[in-house]
Amino acid sequence: MRNKLVTIIFIICIATVSVFSMINYVPKTASSLDPLKYTDYSDAIEQIYPKYIAGRYGWINANGLYQKLIGRSFVDDNEADVYRMDNGQLIYGIGKMSDEEMIWYSDNVACLSDDLAEVGIPLLYVQLPYKIKNGDNILPVGCTEYGNANANSLITTMSNADVEVFDLRSKVNELSRDYYSLFYNTDQHWTNETALWAADTVAHEASDRLDLSYNPNAFDIDHYKVTEYSNHFLGSFGKKTGSWYAGTDDYHLVVPTFDTDLNFSAETETGKIERSGTFDTALLDKSNLKIDLFHRNTYETYTGGNYKFTKITNKKNPDGSRVLLIRDSFSSSMMPFLSLAYSELDSVDLRYFEGSALELAKKGNYDAVIIVYNPTVFGEPAFTFDN
């Protein structure tokens, strides 16, 4: 009798969720369904319907709690399975790239470097750290991951092609903090304190190798105010597993206490963004600080997100260097700090930019071009510099 009652209650719950989900789903599908994107209605249902399940985020949390209680070290996801490492942090696996792919990436960087050298613009490739420390094995049994292996292979190939390479991972051991504290638990990205350290280290290296301007005082953490927002951030991995699986992250807003005067502009898919004033006013989008674990991306408080092209002008340093940054999402938090070293810091994200980075660099007449990539961005779009 008891089992029948549980079954009946379960069926009623599923039926109720289904009814309310369909109420949300039908009008949303009618307005958003693109017949060119989906091959048939079953494909559309599979892709769209889960977004409108009644109480969706509650179900994500409940599923994550269940996975945690049974001791499961990974959570299935349509895009990529999320793994819980031995230290409790979340990550997803990266497949091994072929030697042919690495050669193609390396050749493209080498060609870009040679073409820029012809017009007097030096290039530096910076390999950013990955969430797993190079050489560590803290993944669940059966999970294969090649982020660092791919980076090692690419660095070797580019060095053989005489590309100027700086492996930022080699400097991480100089920090007194634990390696894994440099990253968020529920997201792939580094913390804002780490981004400040990275900006300092990259600016120092670029000064030595490319003769760019560098003021170490601009990166001294003692000249910054750090504001903590406790349990405020659920990263991209956490949004897939729920907040009950690996918890939430604290978020530290790091802002300079010295005088700043900046202009920021960004070209987006829908138009142009322009802001000016202090570091806070020009480079922060504080709407992302509103606590909304599943709908807000707190990481994007700095600059506001990934844009195809941005320009930061530092009016406090008019005689400084002009630099073009070819970037990925890690630079969303790094480049605001890095901009304090230069008179102008432009950036382009080739995952969204439809033009030629080579032509952009030539027309901009920059003092240098710096490529800053982490292993998760390796792929054809990121290494296609001349369309």
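Note that the coordinates shown come from a computational prediction; the quantities given were computed from them, not determined experimentally.

*Asks:* I'm lost on the overall build of the chain in this one. Help?
*Replies:* For the chain, the helix and strand inventory stands at 11 helices and 13 strands. Counting the 387 residues in the chain, one finds 48% classified as buried. Here the chain has roughly 18,600 Å² of accessible surface; of this, 51% comes from carbon and sulfur atoms.

*Asks:* Please clarify how a nonpolar patch on the surface should be interpreted in this entry.
*Replies:* The grouping of Leu-65, Tyr-66, Leu-69, Ile-70 and Trp-244 at the surface amounts to a nonpolar patch, some 550 Å² of accessible area in total. Here Trp-244 shows up in helix 8 (residues 243-246).

*Asks:* Quick question: what am I supposed to make of the nonpolar core here?
*Replies:* The nonpolar side chains of soluble globular proteins are, as a tendency, buried together. If you look at the biggest cluster of nonpolar residues, it comprises 66 residues, and the most contacted ones within it are Val-126, Trp-190, Phe-279, Met-334, Phe-337, Tyr-342 and Ile-370. Residue contributions to this core peak at nine residues, all from helix 6 (residues 192-210). When near neighbours in sequence (up to four residues on either side) are disregarded, Phe-279 contacts Val-254, Val-255, Pro-256, Thr-260, Leu-262, Leu-284, Tyr-302, Pro-336, Phe-337 and Leu-340. Core analysis: the second largest hydrophobic core is formed by 35 residues, Val-109, Leu-123, Leu-154 and Met-158 among them.

*Asks:* Can you walk me through the layout of surface pockets in this structure?
*Replies:* In this approach, a probe sized like a water molecule rolls over the atoms, and the result shows the empty space that is left. Approximately 390 Å³ is the volume found for the second largest pocket. Lining the second largest pocket are 21 residues; nearest its centre among them are Tyr-92, Gln-188, His-189, Ser-236 and Ser-329. Broken down by element, the residue count for the lining of the second largest pocket peaks at three residues, all from helix 7 (residues 236-241). Considering only residue class, the lining of the second largest pocket consists of six nonpolar, nine polar and six charged.

The rules behind each value
- Residues numbered from 1 in each chain as written.
- Predicted model: local features only at pLDDT ≥ 70, side-chain atom pairs only at ≥ 80, totals over all residues.
- Heavy atoms only, no water.
- Helix = DSSP H or I, 4+ residues; strand = E, 2+ residues; numbered from the N terminus.
- Buried < 20%, exposed > 50% of the residue type's maximum accessible area, 1.4 Å probe, protein only.
- Areas by Shrake-Rupley, 256 points an atom, 1.4 Å probe, with all protein chains shown as cover.
- Patch = residues over 30% accessible without salt bridge, like charges linked within 9 Å, V, L, I, M, F, W, Y side chains within 5 Å.
- Salt bridge = Lys/Arg side-chain N within 4 Å of Asp/Glu carboxyl O.
- Core = buried A, V, L, I, M, F, W, Y, C linked by side-chain atoms within 4.5 Å.
- Contact = heavy atoms within 4.5 Å.
- 1 Å grid on protein atoms, 1.4 Å probe; cavity = no way out; pocket = protein on both sides within 12 Å on 5 of 7 lines; lining within 4 Å.
- Points joined across faces, edges and corners; volume = space filled by probe spheres on them.
- Nonpolar A, V, L, I, M, F, W, Y, C, P; charged D, E, K, R; others polar.

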